Amino acid sequence: VDEHSQDLVARLVARGVIPTGVSVTMTPLPGGVSADVSVISVASERLVVKRALPRLRVAQEWHSSPTRVLREADAMIFARSVRPDNVPEIVDIDEEGLTIVMRAAPDSMENWKSRLLAGVIDPGVGGLLGDALAAWHSQSNADPDSLRRFADPSHFFDLRISPFFLRVAEVHPDLEPTITDVVGRMTARSLCLVHGDFSPKNVLVGQGPPWVLDWETAHRGDPTFDLAFLVSHLVCKAVHRPGDTDRYRRCAEVFMETYFGSSSLDIDPADLVRQVGCLVLARVDGKSPVDYFGPAEQATARAHGRRVLTEGKVDVAAVWPRS
Ligand SMILES: Nc1ncnc2c1ncn2[C@@H]1O[C@H](COP(=O)(O)OP(=O)(O)O)[C@@H](O)[C@H]1O
Ligand SMILES: [Mg+2]
């Protein structure tokens, strides 16, 4: 165990999160870009510890305040109060150490992104996520206290608007007026708690209900964004595995049908289509590019994202590449 991990364990012991004198194993989890994430096993219990990093580990780095990990814990506590089966329990919040501890998922749960990329595309997961998301959006919209708690939009600007939308407008100057309009409409619609990173890599699936992780970009904002984010990820997967387009599409449709069936908030389909277009483009030309695209797929996604963004379609069917 390195010095850093020893410090962390000592701190968790001092805080009473783990008992003294028991053996502890600590395993880093892959995939974390904005935090050190590790699993700690103590006796039969497994915990996940997340400590914020000031810089994100991607090729084109950007900055954001490490205190976002505290906001993450706050959002998870709210989300769990609404949907206890879909969010891990927060066990400790260390405000000075900028470290949070939550319960680990059972070993049998798997990252949904890995499953989707392996061709295991279950529309039922889409439905369960649509239902949970509708509850989070609708109930936060009706709750003035949670709206107040998540009102600061600055980290959403740093982590999403700037690296995804504004960056794409720089790379594609002809799209700048359209993107400015999309961002303007999105920021004007500050209605509910928005997850802000509602992507398959932040979902764990298994026998029971899916878990939604990684709430650090949670903010009061436009519910359209979470729908557009998840759909854009499924569209990118369809670009990568064109033969499975219909199955990714079905999954997205079940997600949206379930969401629209139980959310109290209106979503303008034209906004949804344009946000998806921006986000697909951002996954090629923004600051957090898709890790599974080859050069030909990048070109396809770029052309497709531009088309979706500029065609002005008002039907979500328009977001799918023609296979
Ligand atoms: N409570 C948990 N139980 C099991 N695995 C988890 C848990 N929290 C996070 N992970 C795993 O660690 C990865 C990184 O955690 P995440 O919160 O998404 O961090 P980051 O903000 O760095 O992406 C997740 O994609 C997931 O696979
Ligand atoms: Mg994550």
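Here the structure is shown first, and the text comes after it.
Each value, and the rule that gives it
Residues numbered from 1 in each chain as written. Chains lettered and ligands numbered in written order. Predicted model: local features only at pLDDT ≥ 70, side-chain atom pairs only at ≥ 80, totals over all residues. Heavy atoms only, no water. Core = buried A, V, L, I, M, F, W, Y, C linked by side-chain atoms within 4.5 Å. Buried < 20%, exposed > 50% of the residue type's maximum accessible area, 1.4 Å probe, protein only. Helix = DSSP H or I, 4+ residues; strand = E, 2+ residues; numbered from the N terminus. Contact = heavy atoms within 4.5 Å. Donors = N, O, S within 2.8 Å, 3.2 Å for Na, K, Ca; no water. Polar contact = N/O pair within 3.5 Å; in protein donor to acceptor, adjacent residues only side chain to side chain. Pairing = 2+ DSSP bridges. Expected span 1.5 Å × (residues − 1).

Engineer: So what exactly am I meant to see when it comes to the nonpolar core here?
Structural biologist: One recurring pattern in soluble globular proteins: nonpolar side chains tend to sit buried together. Formed by 85 residues in total, the largest nonpolar core has its most connected members in W136, F165 and W215. Sorting elements by how many residues they give to this core places helix α8 (residues 224–240) first, with 11 residues. The contacts of W136, once residues within four sequence positions are left out, are F78, A79, V82, R83, N86, V87, F198, V212 and W215. V9, I18, V49 and V101 belong to the second-largest nonpolar core, a separate cluster that totals 10 residues.

Engineer: Is there a simple way to think about the coordination of the magnesium ion (ligand 2) in this case?
Structural biologist: The protein atoms that coordinate the magnesium ion (ligand 2) are N202 (OD1) and D214 (OD), at distances spanning 2.1 to 2.2 Å. One end of the pair, N202, is in the loop between β7 (192–194) and β8 (203–205); the other, D214, is in the loop between β9 (211–212) and β10 (219–221), and 12 residues separate them in sequence. By relative accessible area, which is 6% here, N202 ends up buried.

Engineer: Just checking my understanding: could you explain the environment of E311 for this structure?
Structural biologist: With respect to the helices and strands, the residue E311 is situated in helix α11 (residues 295–311). You can call E311 partly exposed: its relative accessible area is 36%. A polar contact of 3.4 Å, which involves the side chain of E311, links it to the side chain of K313.

Engineer: Just to check I follow, could you spell out the sheet that holds strand β6 (residues 110–111) for this structure?
Structural biologist: Strands pair in a sheet through their backbones, by hydrogen bonds, and they do so in one of two ways: parallel or antiparallel. Sheet architecture is open: 3 strands sit in the order β6-β8-β9, paired in antiparallel fashion. For this open sheet the edge positions go to β6 and β9, each flanked by a neighbour on one side alone.

Engineer: In this structure, what is going on with helix α10 (residues 269–285)? I would like to understand it.
Structural biologist: In an α-helix there are 3.6 residues to a turn, and that puts residues three or four apart on one side. Taking 1.5 Å per residue, 17 residues should reach 24 Å; α10 reaches 24 Å between its end C-alpha atoms and fits that length. With 15 of 17 residues buried, α10 is to be regarded as a mostly interior element. At the N-terminal boundary of α10, the capping side chain belongs to D268, with an oxygen 2.8 Å from the backbone nitrogen of A270.

Engineer: What should I look at first to understand the environment of E110 in this one?
Structural biologist: Looking at the secondary structure, you find E110 in strand β6. Sequence separation of E110 and V203 is 93 residues, and the distance between their C-alpha atoms is 8.4 Å. Residue contacts for E110: discarding those within four places in its chain leaves R115, V203, L204 and V205.

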